[in-house]
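Understanding the architecture of this molecule
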Amino acid sequence: MHGRPRRPAKPVDEEAASAKAAKLRDLQVQVLQNHHSRTYTKEAIGLSFKLLEINPEAYTAWNYRKLAFQHNVKELSDPEAIRSVVDDELRVVEVALRQNPKSYGAWYHRKWLLNQKLTPVDSKREFGLLDKLLKVDARNFHGWNYRRFLARFMGVPDEEELKYTMDKIGDNFSNYSAWHNRSILLSNLLIQQSKGFESKQKIFSEEFELVTQALFTDPSDQSGWFYHLWLLAQISTPDKPQLIASWPCNGAKLSSSFIKEKVDQNTLSSIWCHSLKERTVPIVLYFNEPVKGLNQSSVKLKSYLEFGKDIHWRALSMTDSGYSNCWTTYLQIANECSTSQQYSVEVSIPCSEDIVSRSGSNYDSPVHFTFTIELISDSQDIDLFDKPVAWNCSESLQSYGNCEPIPFDLLKITSALIEEESNWHFERLSEQIDLFRELPDDNSKFVKLTLARLLLACAAMKSCGRSLIERKRYCDEALGHLSDLIHLDPSHKQYYEDERSSVLMDKLTCDMETFMKHCSVQVQPNSVPLNHVQLHGLSLTCVGFAERLMWVQVLDLSHNSVRSVEGLEALQQLVSLNISNNQISSFTALEPLTKIMFLKVLDLSFNEIGAHPIDTTRYICSSPFSHKIEACEAFEQCQKKNINVEEYWDAILFFKSLKLKQLDIEGNAIASKENFRTLVMELIPSLKWFNGECVN
Amino acid sequence: MADEPAAAGAGQDYPTIDPTSFDVVLCGTGLPESVLAAACAAAGKTVLHVDPSPFYGSLYSSIPLPSLSSFLSPDPSTPSSTAAAAAASGSHTAVDLHRRGVYSEVETSGAVPEPARRFTVDLVGPRVMYCADEAVDLLLRSGGSHHVEFKSVDGGSLLYWEGSLYPVPDSKQTIFKDTTLKLLEKNVLYRFLKLVQDHIAATSGAGDAAGIISEEDLDLPFVKFLNQQKLSPKMRAVVLYAIAMADYDQDGPDPCEKLITTREGIQTIALYSSSVGRFANAEGAFIYPMYGHGELPQAFCRCAAVKGALYVLRMPVAALLMDEEKKHSVGARLASGQDILCKQLIIDPSYKIPTLDVPFDESDSNCPRKVARGICIFNKSVKQDASNVLVVFPPKCMVMLFLLVDPVSILDLALEEQQVATVRLLQLSSNLAVTYRKANLTCRFMAYLSTPCTDASTGKHCIKKAMDALFSPLDSDGSQGQLATTSGSTGDVKPTLIWSCVYVQEITQGTSSSLLSCPMPDENLDYRNILESTKKLFTDIYPDEEFLPKKSAPVHDDEDSDSGE
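An account of the accompanying structure is given in this report. The structure presented is a predicted model; accordingly, all values stated were derived computationally and were not measured.

About the thresholds
Residues numbered from 1 in each chain as written. Chains lettered and ligands numbered in written order. Predicted model: local features only at pLDDT ≥ 70, side-chain atom pairs only at ≥ 80, totals over all residues. Heavy atoms only, no water. Helix = DSSP H or I, 4+ residues; strand = E, 2+ residues; numbered from the N terminus. Buried < 20%, exposed > 50% of the residue type's maximum accessible area, 1.4 Å probe, protein only. Contact = heavy atoms within 4.5 Å. Areas by Shrake-Rupley, 256 points an atom, 1.4 Å probe, with all protein chains shown as cover. Phe/Tyr/Trp six-rings, centres within 6.5 Å; stacked < 30°, edge-to-face > 60°. Lys NZ or Arg CZ within 6 Å of the ring centre and 35° of its normal. Axes fitted to C-alpha atoms, helices over the stretch in contact; angles between N-to-C directions. Parallel < 35°, antiparallel > 145°, perpendicular 65-115°, else oblique. Nonpolar A, V, L, I, M, F, W, Y, C, P; charged D, E, K, R; others polar. Buried area = accessible area lost by both parts, 1.4 Å probe. Polar contact = N/O pair within 3.5 Å; in protein donor to acceptor, adjacent residues only side chain to side chain. Expected span 1.5 Å × (residues − 1). Pairing = 2+ DSSP bridges. Core = buried A, V, L, I, M, F, W, Y, C linked by side-chain atoms within 4.5 Å. Salt bridge = Lys/Arg side-chain N within 4 Å of Asp/Glu carboxyl O.

All right, on to the overall build of chain A then. When helices and strands are tallied, chain A shows 21 helices and 19 strands. Burial status across chain A gives 50% buried among its 696 residues. Intrachain contacts of chain A at a sequence separation of at least 6 include 69% that bridge at least 24 residues. As displayed, chain A offers around 33,600 Å² of accessible surface, 50% of which is attributable to carbon and sulfur atoms.

Tallied over the entire structure, the rule returns 37 aromatic pairs over all chains. For the ring pair tryptophan 144 of chain A and tyrosine 164 of chain A, a centre distance of 5.8 Å and an interplane angle of 55 degrees mean the geometry is tilted. Remark: tyrosine 164 of chain A occurs in helix H8 (residues 158-171) and tryptophan 144 of chain A occurs in helix H7 (residues 141-154); sequence separation between them is 20 residues. Accessibility assignment for this pair places tryptophan 144 of chain A and tyrosine 164 of chain A in one class, buried. Measuring from ring centre to ring centre gives 5.4 Å for phenylalanine 538 of chain B and phenylalanine 547 of chain B, while their planes differ by 55 degrees; the resulting arrangement is tilted. Here phenylalanine 538 of chain B matches phenylalanine 547 of chain B in class, with each residue buried. Of the aromatic side chains, those joined through ring pairs into one cluster are Phe587, Tyr648, Phe654, Phe655 and Phe676 of chain A. Positioned above the aromatic ring of tyrosine 164 of chain A is the side chain of arginine 147 of chain A, whose terminal nitrogen or guanidinium carbon lies 3.4 Å from the ring centre. Over the aromatic face of tyrosine 166 of chain B sits the side chain of lysine 234 of chain B, whose NZ or CZ is 3.8 Å from the ring centroid.

A separate point is the packing of helix H2 (residues 42-54) of chain A against helix H4 (residues 79-99) of chain A. All names here are of chain A. Contact geometry for H2 and H4: axes closest at 8 Å, N-to-C directions at 25 degrees. Taken together, the axis directions place H2 and H4 in an arrangement best described as roughly parallel. Packed against H2, whose contacting residues are Phe49, Leu52, Glu53 and Ile54, the element H4 presents Val92, Val95, Ala96 and Gln99 at the interface. Taken together, the residues that form the contact of H2 with H4 break down as six nonpolar, one polar and one charged.

Taken together, the 13 residues of chain B in the interface contact 21 residues of chain A. Carbon and sulfur atoms make up 56% of the area that chain B and chain A hide from each other, which totals about 1,400 Å². When the buried surface of chain B facing chain A is broken down by residue, Lys172, Phe176 and Leu183 of chain B rank first, second and third, together holding 43% of it. Joining chain B to chain A, the criterion identifies nine residue pairs in polar contact (both at pLDDT 80 or more). Every element with two or more residues in the side of chain B that touches chain A is listed here: helix H4 (172-177) and helix H5 (183-203) of chain B. Considering every element that reaches the side of chain B that touches chain A, the biggest residue donor is H5 of chain B, with seven residues. For the side of chain B that touches chain A, a count of residues per class yields five nonpolar, two polar and six charged.

Moving on, we get to helix H14 (residues 445-461) of chain A. Along its 17 residues, H14 of chain A runs 25 Å from first to last C-alpha, staying within 8% of the 24 Å computed at 1.5 Å per residue. Along H14 of chain A, 13 of the 17 residues are buried, which leaves the element largely enclosed by surrounding structure.

In this section: the pairing of strand E10 (residues 157-161) of chain B. Residues and elements named next belong to chain B. Among the five residues of E10, five are classified as buried, and the element is accordingly described as predominantly covered. In this sheet, strand E19 (residues 389-393) lies alongside E10 in parallel orientation, the contact comprising three bridges. The partner of leucine 159 across the bridge, within E19, is valine 392. Sheet analysis places E10 next to strand E11 (residues 164-167), joined by four bridges and oriented antiparallel. The partner of tryptophan 161 across the bridge, within E11, is serine 164.

Along its 14 residues, helix H14 (residues 528-541) of chain B runs 20 Å from first to last C-alpha, staying within 8% of the 20 Å computed at 1.5 Å per residue. Of the surrounding secondary structure, the elements contacted by the buried residues of H14 of chain B are helix H1 (31-42), helix H3 (134-142), strand E16 (339-347) and strand E25 (515-517) of chain B.

Turning next to the side chain of threonine 268 of chain B. All names here are of chain B. Here threonine 268 lies in helix H9 (residues 262-275). For threonine 268, a relative accessible area of 6% corresponds to the buried category. Excluding anything up to four places from it in sequence, threonine 268 contacts Tyr130, Ile243, Ala244 and Arg528.

Residue and element names in this part refer to chain B. Reading across the sheet, the three strands line up as E8-E12-E9 and stay open at both edges, with antiparallel pairing between neighbours. If you trace the sheet from one side to the other, it starts and ends with strand E8 (129-130) and strand E9 (150-152), each paired once. Pairing between E9 and strand E12 (residues 286-289): three bridges, direction antiparallel. Paired with serine 152 across the two strands is isoleucine 287, which belongs to E12.

This part covers the nonpolar core. Core analysis: the largest hydrophobic core is formed by 113 residues, its most contacted members being Leu68, Met129, Leu159, Phe192, Phe222, Phe286 and Tyr527 of chain B. Beyond its immediate stretch of four places on either side in the chain, methionine 129 of chain B contacts Ala135, Val136, Leu139, Phe150, Ala285, Phe286, Ile287, Leu296 and Tyr527 of chain B. Within the second largest apolar cluster, 97 residues are counted, among which are Ile311, Met550, Leu653 and Leu663 of chain A.

This brings us to the environment of cysteine 397 of chain B. By the secondary structure assignment, cysteine 397 of chain B is in the loop between E19 and strand E20 (399-405). It is 9.8 Å that separates the C-alpha atoms of cysteine 397 of chain B and alanine 421 of chain B, two residues lying 24 residues apart in sequence.

Moving on, we get to unusual backbone geometry. With an omega of -5 degrees, the peptide bond between tryptophan 247 of chain A and proline 248 of chain A qualifies as cis. With respect to the secondary-structure elements, proline 248 of chain A resides in the loop between strand E1 (243-247) and strand E2 (253-255). Note the cis peptide between aspartate 18 of chain B and proline 19 of chain B, where omega equals 5 degrees. Mapped onto the elements, proline 19 of chain B comes out in the segment before strand E1 (21-27).

Residue and element names in this part refer to chain A. Spatially, E3-E2-E11-E8-E5 is the arrangement adopted by the five strands of the open sheet, whose pairing is mixed. Taken across any chain shown, the strands that pair with only one partner, and hence form the sheet edges, are strand E3 (271-272) and strand E5 (300-303). As judged from the four bridges shared by E5 and strand E8 (residues 342-349), these two strands associate in the antiparallel manner. Across the sheet, the residue bridging to leucine 301 is valine 347, located in E8.

With that settled, consider the pattern of salt bridges. Per the counting criterion, the structure on display carries 41 salt bridges over all chains. Put simply, lysine 460 of chain B and glutamate 105 of chain B hold a salt bridge, and the shortest N to O gap is 3.4 Å. Taken together, the residues lysine 460 of chain B in helix H12 (residues 456-470) and glutamate 105 of chain B in strand E6 (residues 103-110) connect sequence positions 355 residues apart. Relative accessible area serves as the criterion here: at 11%, lysine 460 of chain B is assigned to the buried category. Each of Asp87, Glu94, Arg110, Arg125 and Glu126 of chain A takes part in a single network of salt bridges with overlapping partners.

Here it is as structure tokens:
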């Protein structure tokens with residue numbers, strides 16, 4: 001069934017095939033006729049059998065048989081008679097499976113029959129059939145599916161089924177289906193805490209042992225690696241959701257304005273927060289895994305300030321699943337309050353049954369943090385954008401005075417709780433790393449990729465203090481493997497580049513000392529000091545570890561190879577973004593930016609927007625970008641203004657949701673198109689600077 | 001199945017054979033003679049095939065246990081030819097023929113379990129056929145497969161290593177399941193098997209040409225190649241002795257002369273791997289003929305008979321008929337006194353060849369090759385849950401202690417001598433119908449052992465050593481399993497030896513001249529070499545004829561299906 005070369009059809013076959021086709025057509029017509037006329041006589045049913053015997057994929061014939069079966073069985077009362085009817089039907093399925101063991105229709109028909117529960121199921125017959133079929137092709141996933149169905153239906157204990165997977169793996173470990181079923185069964189057994197499966201650690205140690213036997217025997221066999229990947233995920237993903245970062249962080253002081261004198265005196269102690277001018281307080285929470293269920297009751301706020309009643313937590317995510325790592329809310333300050341007084345806001349997330357991760361675990365690491373707000377009624381309203389923001393990539397960063405950006409350590413609220421268990425996890429990982437380092441890899445991509453993943457899982461456990469040096473060592477080794485992989489396996493180049501990019505980000509941002517080299521407080525003339533991060537020219541392809549960048553107000557990602565900006569949506573403080581000279585290929589790839597409320601300056605110049613006739617982002621990411629009600633409204637509006645919606649639909653959706661003051665987009669194929677400028681002007685009324693020119 | 005050998009020389013009534021002239025006369029129904037008879041008959045020659053014994057097979061036969069000792073050491077007083085050399089008749093001279101002793105050092109111990117007649121023993125053991133080897137093809141081609149059934153050696157192979165039996169990992173799955181191998185050893189071993197598979201696939205045109213092993217490597221000694229592939233000593237032993245079936249020490253400090261090359265090693269592995277899975281009902285690479293190896297010559301004889309060859313058993317050849325110059329044989333005088341003329345005479349290797357003017361049997365003079373063989377019957381399998389298994393004792397795996405008495409100092413000197421050659425053991429259970437299984441009684445197993453040797457006593461010693469390693473001797477009082485009480489766990493108890501026989505057999509190669517002699521059973525596990533020389537003999541006689549062409553098979557040949565079970 002697998003690994004057999006395809007043989008070209010012989011000319012003799014063609015003649016036979018056309019005869020067969022004629023017969024099939026004839027049968028099909030008759031069966032359909034019977035179906036429409038609801039003829040359920042023996043002869044009519046016999047015809048459908050003849051059809052299915054030749055072509056088990058004729059789904060209508062199966063459905064016809066189901067109707068006929070229901071119709072005929074109604075009139076029967078004798079259990080023996082019912083049994084013989086069911087038996088006949090089961091036999092038809094068997095005949096069809098002999099013709100094609102992978103017929104969806106046939107397998108489904110059998111399940112349907114069993115689910116009618118008209119006669120007791122002959123388990124010997126069912127499992128016998130499966131044994132026969134899985135002997136012919138041990139990797140027939142239909143067979144495995146049916147086996148899972150049957151085991152559940154018959155109440156076969158998972159332990160027994162687990163043994164069966166081991167038998168099959170023993171016969172031939174190149175069997176993804178068996179490994180897969182094993183992972184399902186083990187998960188169930190561990191959740192149920194069945195006897196002998198109380199200790200996750202023991203079970204996973206044994207499973208690692210088992211799978212490495214297979215991996216070392218034949219490293220070029222994929223199935224074992226997939227199972228290894230599952231195991232790795234089991235021990236490296238967190239059991240429970242945890243909050244890993246927030247904005248504002250604990251102890252932060254936000255200010256709606258700033259006092260120039262204080263800046264000059266190097267005594268700047270508060271962070272300028274753009275949104276405070278509009279009496280809005282943003283809060284961003286970042287979890288270690290996607291969660292859902294943040295609401296007014298699961299996240300408690302306490303302050304002298306009064307907020308609008310309706311506190312709405314939004315998931316900052318590109319998917320509509322409801323789960324997200326990153327959640328935000330904008331608090332509307334409702335009451336009058338005196339200037340130059342500081343108000344504290346307390347945020348606490350108690351153990352909550354509302355907040356759950358995808359795996360169903362509840363949030364149970366209570367967190368509490370406080371920040372203060374200073375509302376200064378500003379007489380002199382600073383216009384940040386009376387001059388275009390100039391990006392000076394070549395210029396080295398100048399730190400403004402001695403004031404640092406947000407003290408980095410403060411960003412970590414839960415300073416990585418070192419649990420007892422994680423020691424065990426770390427040992428397992430180190431053990432595996434040592435093993436695979438020894439495996440002569442012959443440039444096997446699986447070995448390198450697995451090593452990289454193991455190293456990164458180890459790195460992720462080293463999160464504070466001195467162990468950060470180790471983290472960087474792990475990162476460096478992983479980077480080496482990823483770079484090898486890019487050359488070794490060019491067809492998955494982009495995946496490896498993204499991984500590498502993420503590791504690179506980790507390395508640059510994991511400790512303050514390194515990170516500081518890329519950070520500064522930027523002061524534009526006549527402007528507020530902004531926290532500035534410069535990550536240009538690093539061949540990044542995507543953004544990783546966004547939770548460490550949530551305080552960034554000016555971000556320079558120019559001269560990289562960025563293809564996706566997913567992750568930037570967490571940067572709710574971002575005012576200016578430079579992603580010029582990258583590989584952004586469409587507006588859909590920029591969708592995360594539409595989630596950033598106060599983004600004012602965007603440099604998109606010298607990318608590839610409009611250069612590709614097919615927008616692959618749309619297919620790769622399941623972006624709901626184009627499927628929203630607002631989209632329709634925007635399109636209608638544009639149509640009225642004679643804008644070609646079909647051509648510019650993504651540009652319309654993108655610009656519509658931004659309130660930019662400054663946009664640079666030259667050097668993109670789309671920018672040279674006629675009407676594009678008009679389109680932009682139409683869509684962004686707030687725009688002041690377009691491609692370096694003042695808009696008037 | 002051999003018949004009961006009738007008391008020899010009991011004044012038989014020999015039949016008269018008509019006609020008196022044949023293209024080929026063969027004496028002795030060993031496998032090579034029988035194959036030749038079938039081939040000659042298939043080529044349309046007139047064939048007379050006689051055998052002095054009352055059963056088929058000669059040195060290749062399977063005989064009932066009670067007849068074994070008389071076969072191995074025949075009574076010398078029995079006259080081998082009743083009709084003494086009569087006067088030369090006509091234009092040719094008669095030269096008397098005599099049998100010679102092929103076996104020596106015969107030693108049996110233990111009591112033959114009853115009923116002894118139900119045990120049939122092979123004289124050529126231990127021997128199997130690779131599912132994909134020439135012998136099987138010959139059987140299929142000649143139609144001989146209709147007369148013999150096979151069972152697979154399903155228990156796989158075991159290597160005797162560091163005092164215990166170790167299942168030979170010979171496939172991806174067995175390597176995976178092996179619990180004694182280190183992870184890296186698994187990797188290295190499978191990598192090696194893959195390399196060989198790729199090479200085999202590439203040379204047969206099915207795989208990627210990049211998989212071909214370079215000529216340079218193919219000419220290397222196999223052990224060097226294995227070293228290059230970083231195989232550990234144990235893995236080398238597995239590949240060399242249990243898969244490539246090397247006979248002599250390949251891995252010693254001073255290399256022996258009989259180093260197999262990578263090419264040869266890979267050839268055997270290729271045969272091995274193409275054998276696995278050739279027949280759906282054969283589990284491993286090897287098959288064994290039900291009712292013993294004696295079935296094989298008989299099957300070929302039947303093929304020959306179908307094609308018109310004439311068979312006479314219990315008919316010794318008394319003398320050769322030579323032409324005037326005593327250079328060429330022109331026929332044979334049978335024990336009945338009848339003279340048969342023939343163009344080609346082929347004589348069983350157990351006949352002493354009279355000194356002729358033609359150069360003959362040069363190997364006989366100096367140090368002939370020998371093979372020590374053993375047969376034993378014991379009470380339980382050497383490997384749990386396995387009935388038919390092959391056990392390989394690689395060279396040097398057993399320490400040989402020789403007790404020498406120094407005549408001068410009168411001190412006992414214990415000398416260690418290395419076991420230089422591989423000992424192979426084939427265990428068969430009652431499902432092959434060679435051993436008897438009585439209801440409600442302990443199952444009996446039978447094993448054959450062999451090792452090549454130059455010195456008979458060394459060879460014999462090796463066989464005994466191997467038996468000692470696997471079996472515990474039967475107590476004097478005859479109770480079995482005495483060790484069970486002392487060692488505690490019954491699972492570790494060695495099988496108890498009930499009966500054993502050790503003997504040494506000479507090996508002569510087939511020779512071709514006007515008087516042909518076929519090869520004797522060799523030290524190998526399979527028939528490849530024997531059949532090769534048989535084929536060569538045939539082409540020497542009939543250079544223009546095809547050796548058992550496919551069309552020679554009867555029409556009802558239904559492919560491979562029936563050779564399995």
